[in-house]
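So you can see what is in the structure, the chains are spelled out below.
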Amino acid sequence: MKTNSVTRSSDRKTRFQAGLLLALWFGASLTAQAQENEALRILKSMTDYMQAQTNIEFSFDSDIEVITPELEKIQFTNSGEALLSRPDKLRARRVGGYSDVALYFDGQTARVFSANQNAYAEIPAAGTVDQLIHALRAGHGVAMPGADFLLSNVYEVLAHDVLEAKYMGRGVIDGKECEHLAFRNFETDWQLWVQVGEAAIPCKLVITSKTINSAPQYSLHIKSWKTGVTPDSGAFSFTPPADARQLDPNALIDLDELPPDVPPGDKP
């Protein structure tokens, strides 16, 4: 009888422990699912807001890290501004210590001007801003990591390869309260801060490259944001200086955020 009693007690203890572990696992799974649902919901609200805007004007700071062959991590910083008029007009400029590059797109032709080189390239690109961004990335090797925010299908682009999503809580950027989201895919981890409220503006983006040694990062900080602006009639046109030299469009890959003599290495 004593042995049977001990056995039953042991069985009850085992079942209790198993049930407790199952409850903890189930609770953790529900929490993780709730975090993922909330992160994707906020991401969707941000992209819905952005897609609803016809004209957007904003300024930004960006940082890109390079890993040298000696495994030294070096960061380069740029500032810029952009003006978007959907569906087929874009003007953008990026200025750093090593480059001053502007893009003008009027729906027919894209012109990229490098002020520090006094050189420009012209690309026939009749179509939309979406098509232009795809052509610059696929056809000319221009990375443009923050350009996804300008696409008309931005949610599908950002969410399509997400393996894990988390809602991290709230933070404050430039005095604005933001929702902090974290996402993972196969090659990168990326974080996004979205302003709280109806104007769900992306305030900050950080992309970490997991497949590159020492995990370099690219970050984009949106400083100002205006909607409902009315662009001037010539806002998206550009006439190069008379003494400017014309570049082959394939040379656009050299108009980078990095100095021309930076040591070869890995970057995001």
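Computed from a predicted structure; not experimentally measured.

Draft legend 1. Examining the overall build of the protein chain more closely. What the protein chain contains, in helices and strands, is three helices and twelve strands. The buried share of the protein chain, taken over its 268 residues, is 41%. By sequence separation, contacts in the protein chain at least 24 residues apart represent 51% of the contacts at least 6 residues apart.

Draft legend 2. The packing of aromatic side chains, seen in detail. For the structure on display, the rule yields six aromatic pairs. Look at phenylalanine 113 and phenylalanine 238: their rings are 5.1 Å apart centre to centre, the planes differ by 35 degrees, and that puts the pair in the tilted class. Note that phenylalanine 113 is positioned in strand S5 (residues 109-114) and phenylalanine 238 in the loop between strand S11 (217-227) and strand S12 (245-246), a separation of 125 residues in sequence. Phenylalanine 238 matches phenylalanine 113 in its accessibility class, with the two residues each being buried. Judged by centre distance (4.3 Å) and plane angle (20 degrees), the ring pair of phenylalanine 183 and tryptophan 190 falls under stacked. Both residues of the pair, phenylalanine 183 and tryptophan 190, belong to the buried class. Positioned above the aromatic ring of tyrosine 155 is the side chain of lysine 44, whose terminal nitrogen or guanidinium carbon lies 5.8 Å from the ring centre. Between the NZ or CZ atom of lysine 204 and the centre of the ring of tryptophan 193, over which it lies, the distance is 5.0 Å.

Draft legend 3. Just the sheet that holds strand S1 (residues 55-67), in detail. With mixed pairing, the twelve strands of this open sheet are ordered in space as S7-S8-S9-S10-S11-S1-S2-S3-S4-S5-S6-S12. Edge strands, defined here as strands with exactly one partner in the open sheet, are strand S7 (164-173) and S12. Bridge analysis of strand S10 (residues 202-209) against S11 gives five bridges, and the strand direction is antiparallel. By the bridge assignment for S11, leucine 205 is matched with leucine 220. Sitting on the sheet, helix H2 (residues 129-140) is in contact with strand S2 (73-85), strand S3 (89-96), strand S4 (100-105), S5 and strand S6 (119-124), with an inclination near 130 degrees to S4.

Draft legend 4. Structural detail: the nonpolar core. If you look at the biggest cluster of nonpolar residues, it comprises 53 residues, and the most contacted ones within it are Leu43, Met46 and Trp190. Tallying contributions element by element places helix H1 (residues 2-51) first for this core, with six residues. In terms of nonpolar packing, the next biggest core, distinct from the first, is built from six residues, Tyr104, Tyr120, Phe238 and Ala244 among them.

Draft legend 5. Broad picture of the side chain of serine 85. Tracing the backbone shows serine 85 in strand S2. Looking at serine 85, the relative accessible area reads 13%, which means it is buried. Here the side chain of serine 85 touches asparagine 55 through a polar contact of 2.8 Å, side chain to side chain. Apart from the residues lying within four places of it in its own chain, the contact partners of serine 85 are Thr54, Asn55, Pro231 and Phe236.

Draft legend 6. Examining unusual backbone geometry more closely. With an omega of 5 degrees, the peptide bond between arginine 86 and proline 87 qualifies as cis. Relative to the helices and strands, proline 87 is located in the loop between S2 and S3. The backbone phi angle of serine 214 is positive, close to 70 degrees, even though this residue is not glycine. For serine 214, the location among the structural elements is in the loop between S10 and S11. Within the chain, alanine 215 stands out as a residue other than glycine whose phi angle is a positive 50 degrees. Inspection of the secondary structure assignment puts alanine 215 in the loop between S10 and S11.

Draft legend 7. Geometry of H2. Spanning twelve residues, H2 covers 15 Å between terminal C-alpha atoms, matching the ideal 16 Å at 1.5 Å per step. Residues of H2 that are buried: Val129, Leu132, Ile133, Leu136 and His140. Buried residues of H2, viewed axially, fall in a sector of 100 degrees; they line one side. For H2, the exposed residues set more than 90 degrees away from the buried face come down to His134 and Ala138. Check the buried side of H2 and you find it contacts S2, S3, S4, S5 and S6.

Scoring rules and cut-offs
Residues numbered from 1 in each chain as written. Predicted model: local features only at pLDDT ≥ 70, side-chain atom pairs only at ≥ 80, totals over all residues. Heavy atoms only, no water. Helix = DSSP H or I, 4+ residues; strand = E, 2+ residues; numbered from the N terminus. Buried < 20%, exposed > 50% of the residue type's maximum accessible area, 1.4 Å probe, protein only. Contact = heavy atoms within 4.5 Å. Phe/Tyr/Trp six-rings, centres within 6.5 Å; stacked < 30°, edge-to-face > 60°. Lys NZ or Arg CZ within 6 Å of the ring centre and 35° of its normal. Pairing = 2+ DSSP bridges. Axes fitted to C-alpha atoms, helices over the stretch in contact; angles between N-to-C directions. Core = buried A, V, L, I, M, F, W, Y, C linked by side-chain atoms within 4.5 Å. Polar contact = N/O pair within 3.5 Å; in protein donor to acceptor, adjacent residues only side chain to side chain. Expected span 1.5 Å × (residues − 1). Arc of directions from axis to C-beta.

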